[in-house]
Amino acid sequence: MDIYRKAADIILNSRYVIAFSGAGASAESGIPTFRDKGGLWEKYPVELFGTPRGLLYVMLTEPGKFAEFISSAIDTLFNAKPNPGHLGIGELEKLGILKYVITQNIDGLHQEAGNRKVIEVHGSITKLRCLACHNIKELSKKQAIDIAKRFSERIKQFRGGELEDAISFFKDAIPYCECGGIMRPDIVFFTEPVHNINAAFEEARKADCCIVVGTSGVVYPAAYVPQIVKSKGGKIIEINPNQNSFDSDVYIDESFSQAMPKILQIIKTAIQ
Ligand SMILES: [Zn+2]
């Protein structure tokens, strides 16, 4: 039996299927995985640009470089479109087979592909969080781009200084909550705690099948998700070229956008 059929059979014979995705799932949508060649961290050191403290330091000391970083991040993240792998996962939810997607990605591509039940453990580029009351605000992609662009334009004119200088300089270029608090991107930077991890673990405990895509399983605690499914006797289908990182029942050494449509096709034929 070929591996696609084996994967499809496991999915069809499971009662609660979830998907767990990482950066590799979005690589074919034009978002290079951060650590790969051409990734964001190659040009912008993660110690500075991947942590809140580092970002603040760059903003106050090298505003031009900060603006350049925001522009590249906008270009990369907002221009991306879901690939056939995302669309396959979206269709699995529409068919009632897939119950939840737990993703480490912040790009919103699963939602764009039609998934409604998505847990984003590392936050999202289309959400803002109030620093005062912690209220979360959902934005459209366009609203998020407009805010990022406005901020990036303003920062180009900033000449650096202390935090107080920055706050007054950016006063009318940053978003505010109804409570008056400043809103920040609801993205989990390095050194920050993950989001919704209990909800993610709860889904993992319910699941008897986890489709793992594009993740090497090194980022914890998110990487416990497939391990929980396995520990409860569930099955793991892993799609990740050149890297078999989990104790999978089916490992597919192929890209998400190639493998997922093949599995979906077999499933659709079987249930028609
Ligand atoms: Zn607030």
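Our subject is the structure that appears above.
Quantities reported herein were computed from a predicted structural model and do not represent experimental measurements.

A. Representation of the coordination of the zinc ion. Around the zinc ion, the protein contributes the donor atoms Cys130 (SG), Cys133 (SG), Cys177 (SG) and Cys179 (SG), which lie 2.2 to 2.3 Å from the metal centre. For Cys177, a relative accessible area of 8% puts it in the buried group.

B. The arrangement of the packing of aromatic side chains in detail. Inspection of every chain in the model, using the stated rule, returns ten aromatic pairs. Where Tyr44 meets Phe49, the ring centres are 5.0 Å apart and the plane angle is 65°; that geometry is what we call edge-to-face. Like Phe49, Tyr44 is buried. For the pair Phe201 and Tyr224, a centre-to-centre distance of 6.4 Å together with 75° between the ring planes defines the contact as edge-to-face. In this pair, Phe201 is assigned in helix H11 (residues 197-206) and Tyr224 in helix H12 (residues 224-231), connecting sequence segments 23 residues apart. Classification of Tyr224 as partly exposed rests on a relative accessible area of 39%. Members of the aromatic cluster, connected to one another through ring pairs, are Phe66, Phe151, Phe158, Phe169 and Phe170.

C. Up close: the sheet that holds strand S4 (residues 123-130). Taken together, the three strands give an open sheet; going across it, the order is S5-S4-S6, and neighbouring strands pair in antiparallel fashion. Looking at which strands have only one partner, the edges of the open sheet turn out to be strand S5 (136-138) and strand S6 (183-187). For this sheet, the mean angle separating the axes of adjacent strands, direction not counted, is 40°. Here S4 pairs with S6 via four bridges, running antiparallel.

D. Focus on the layout of surface pockets. Approximately 170 Å³ is the volume found for the second largest pocket. Lining the second largest pocket are Asp107, Gly108, Gln111, Glu112, Glu120, Ser124, Ile125, Thr126, Lys127, Glu138 and Lys141. Tallied by class, the residues present in the lining of the second largest pocket amount to one nonpolar, four polar and six charged.

What counts and what doesn't
Residues numbered from 1 in each chain as written. Predicted model: local features only at pLDDT ≥ 70, side-chain atom pairs only at ≥ 80, totals over all residues. Heavy atoms only, no water. Donors = N, O, S within 2.8 Å, 3.2 Å for Na, K, Ca; no water. Buried < 20%, exposed > 50% of the residue type's maximum accessible area, 1.4 Å probe, protein only. Phe/Tyr/Trp six-rings, centres within 6.5 Å; stacked < 30°, edge-to-face > 60°. Helix = DSSP H or I, 4+ residues; strand = E, 2+ residues; numbered from the N terminus. Pairing = 2+ DSSP bridges. Axes fitted to C-alpha atoms, helices over the stretch in contact; angles between N-to-C directions. 1 Å grid on protein atoms, 1.4 Å probe; cavity = no way out; pocket = protein on both sides within 12 Å on 5 of 7 lines; lining within 4 Å. Points joined across faces, edges and corners; volume = space filled by probe spheres on them. Nonpolar A, V, L, I, M, F, W, Y, C, P; charged D, E, K, R; others polar.

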